[in-house]
Amino acid sequence: MQITQTYDITQSYQFNYDRGPVFTTQPKASPLGPMKSFLGLEVRSRLGISAGLLLNSKWLLAYAQRGFDILTYKTVRTSYRPCYDPPNWVFVEDDGGDGPVYATDRIPENPTQITSAVCFGMPSMAPQTWREDVQRARAALAPGKVLIVSVVATPFDGAAARDVADDFARCAAWAAEAGADVIEANLSCPNVCSQEGSVYMDAQLSRTITSAIRAAIEKKPLLLKIGHFADPAKLRTFLRFVNGLADGVTLVNAVSRPVLRRNGRPVFGEPFAKAGVIGRGIHNASVEGLRRAGEIIRAEGLKLALVGVGGVSCDEDARDFFDTGACAVLMGSSPMYIPDLAAELKSRHPEW
Ligand SMILES: Cc1cc2nc3c(=O)[nH]c(=O)nc-3n(C[C@H](O)[C@H](O)[C@H](O)COP(=O)(O)O)c2cc1C
């Protein structure tokens, strides 16, 4: 069955970056509704897109026009970083477990049921390119739209914690200067084998980085994007360590699982046998992760907001996160194949 695909997964990241999204329909009229508050900023709704699909201002502004109100610019770095060779994104069959998932061409007829896997390696354009482009995006966004810029460090071999924190802070300062309303530090990426992929597992390093970014961006809202914590005690330690420095936590990033072809070969190549699984298959675990984080925040009296991400493609999914205490709900992959999702959710739920 043919579903809308605004990102051409058979092509390279650069091809999609240059071309922008392709929509097969005109945007649906998006109800305006009352303004809401998100991290102290005025926003038309608390529905948006997480770091990933919005490769540049072309993507970001096209999706803003289709009704998404919180727009995250895909993770950028302080130096140019090419993308891994394609494939970078495949549809997968998911058995609901936590073992391997298998690539498939058979896409569910109902797009809300899609699970997929990504492996890009956090590419970044050169700073001059993305700084100008972020400026362009902010200048063109209407009132009531919030621009988050996701940043990450690029540690050199043997980098100390201080070096990683300084590079994070430099990247965040540049993003803030270019016009980001909110900075999101990406502390988790299942597809990079170097240090920046799993920072969130190290509470002290996360604190050092968060503290350096806070000093660099002063009072601008700061989110930390984290992955799944198997051990609730580690999640508690992480939250305690960043409390008072960050404004909130975005959870979760993709879930790391083997992504294979039916012949057992890794889809993204041997070094990336495990990659980031996203969409329907991670929804329940993502809501559970946010629920746990919320319980810890309340029990310990921490001051951290929670932004929900993971397998949101219909009303029930968004409600799961709002009911669990999310202050906003972001979608990673579903806007690729359901580009009017925010407009549809807002028409049925003006309160979101
Ligand atoms: C094409 C694509 C690229 C992504 N790249 C990033 C990234 O650069 N930084 C990041 O923090 N997350 C990235 N993600 C992860 C998403 O932000 C999100 O956490 C994940 O897709 C789970 O949400 P979903 O189940 O709604 O897709 C990417 C996701 C997609 C679909």
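Structural data are supplied above this passage.
Here's what I pulled together on the structure shown here. Being a predicted model, the structure only gives us computed values, none of them experimental.

Things to note about unusual backbone geometry
Residue Pro 87 follows Pro 86 across a cis peptide bond; omega there is 5 degrees. Looking at where Pro 87 falls in the secondary structure, it is placed in the loop between β4 (70-76) and β5 (89-93). With phi around 50 degrees, Leu 39 is a residue other than glycine that occupies positive phi space. Position of Leu 39 relative to the elements: it lies in the loop between β1 (36-38) and β2 (41-43). Residue Leu 39 is classed as buried on the basis of its C-beta count, with 20 C-beta atoms lying within 10 Å. The residue Glu 218 is not glycine, and still its phi comes out positive at about 50 degrees.

Examining the site of the ligand
Residues in contact with the ligand amount to 26 residues; listed here are only the nearest, Ser 50, Gly 52, Ile 278, Gly 332 and Ser 333. For the shell around the ligand, the elements supplying multiple residues, two or more each, are β4 and β13 (274-279). Classifying every residue of the shell around the ligand by side-chain character gives 12 nonpolar, 12 polar and two charged.

Some details on the environment of Gly 311
When you line up the elements, Gly 311 lands in the loop between β14 (305-309) and α8 (315-323). In this structure, the C-alpha to C-alpha distance between Gly 311 and His 349, residues 38 residues apart in sequence, is 19 Å. Other than its neighbours up to four places away in sequence, Gly 311 contacts Gly 279, Arg 280, Gly 281, Ile 282, His 283, Ser 286 and Asp 317.

Digging into the environment of Asp 8
Relative to the elements of secondary structure, Asp 8 occurs in the segment before α1 (13-19). By C-beta crowding, Asp 8 is classed as partly exposed, having 14 other C-beta atoms within 10 Å. For Asp 8 and Glu 351, which are 343 residues apart along the polypeptide, the C-alpha to C-alpha distance reads 34 Å. Residues in contact with Asp 8, not counting those within four places in the same chain, are Phe 15 and Asn 16.

Looking at helix α6 (residues 232-242)
Of the positions making up α6, those classed as buried are Leu 235, Arg 236, Phe 238, Leu 239 and Val 242. Each buried residue of α6 sits inside an arc of 165 degrees when the element is viewed along its axis, so together they form one side. Contact partners of the buried residues in α6: α5 (203-217), β10 (222-226) and α7 (283-300). Looking one or two residues beyond α6, the residue adopting positive phi is Gly 244, at roughly 90 degrees.

Quick word on the nonpolar core
In terms of nonpolar packing, the biggest core is built from 110 residues, with Phe 168, Ala 172, Ala 175, Ile 183 and Ile 213 touching the most fellow members. At 11 residues, the largest contribution of residues to this core is made by helix α4 (residues 161-178). Apart from residues lying up to four places away in sequence, Phe 168 is in contact with Val 151, Ala 153, Ala 185, Ile 209, Ala 212 and Ile 213.

Things to note about the sheet that holds strand β7 (residues 115-118)
Taken together, five strands build a closed barrel; the order of strands is β5-β6-β12-β13-β7 and the barrel is mixed. The mean inter-strand angle of the sheet, taken between neighbouring strand axes irrespective of direction, is 50 degrees. Bridge count between strand β6 (residues 101-103) and strand β12 (residues 255-260): two bridges; the pairing is parallel. Looking across to β12, one finds that Val 101 is bridged to Val 259.

Topic: the pairing of strand β9 (residues 182-186)
Among the five residues that make up β9, five are buried, leaving the element largely enclosed by the rest of the structure. Side chains of β9 alternate between two faces, with Val 182, Glu 184 and Asn 186 and Ile 183 and Ala 185 buried alike. As paired strands, strand β8 (residues 146-151) and β9 are joined by four bridges and run parallel to one another. Each bridged residue has a counterpart across the sheet, and for Ile 148 the counterpart in β9 is Val 182.

Considerations on the sheet that holds β9
One closed barrel holds the eight strands; their spatial order is β3-β4-β8-β9-β10-β11-β14-β15, and the pairing between them is parallel. Adjacent strand axes in the sheet meet at a mean angle of 25 degrees, parallel and antiparallel pairs treated alike. Across four bridges, the pairing between β10 and strand β11 (residues 248-251) is parallel. Note on β11: the bridge partner recorded for Leu 224 is Val 249.

Quick look at the pairing of strand β15 (residues 328-331)
Burial of the side chains of β15 extends over both faces: Ala 328 and Leu 330 are buried on one face and Val 329 and Met 331 on the other. Summarising the sheet, β14 and β15 pair through three bridges and their orientation is parallel. Bridged to Gly 308 within β15 is Val 329. The β-α-β motif built from β14, the intervening α8 and the parallel element β15 has right-handed crossover chirality.

Here we look at the environment of Leu 330
Relative to the assigned elements, Leu 330 resides in strand β15. Once residues lying within four places of it in the same chain are set aside, the contact partners of Leu 330 are Gly 48, Ile 49, Ser 50, Ile 70, Thr 72, Val 307 and Val 309.

Reading the values: rules and limits
Residues numbered from 1 in each chain as written. Predicted model: local features only at pLDDT ≥ 70, side-chain atom pairs only at ≥ 80, totals over all residues. Helix = DSSP H or I, 4+ residues; strand = E, 2+ residues; numbered from the N terminus. Buried ≥ 20, exposed ≤ 12 C-beta atoms within 10 Å, placed from the backbone. Near = placed C-beta within 6 Å. Nonpolar A, V, L, I, M, F, W, Y, C, P; charged D, E, K, R; others polar. Contact = placed C-beta atoms within 7 Å. Arc of directions from axis to C-beta. Core = buried A, V, L, I, M, F, W, Y, C linked by C-beta atoms within 7 Å. Pairing = 2+ DSSP bridges. Axes fitted to C-alpha atoms, helices over the stretch in contact; angles between N-to-C directions. Right-handed = clockwise from strand over helix to strand, strands pointing away.

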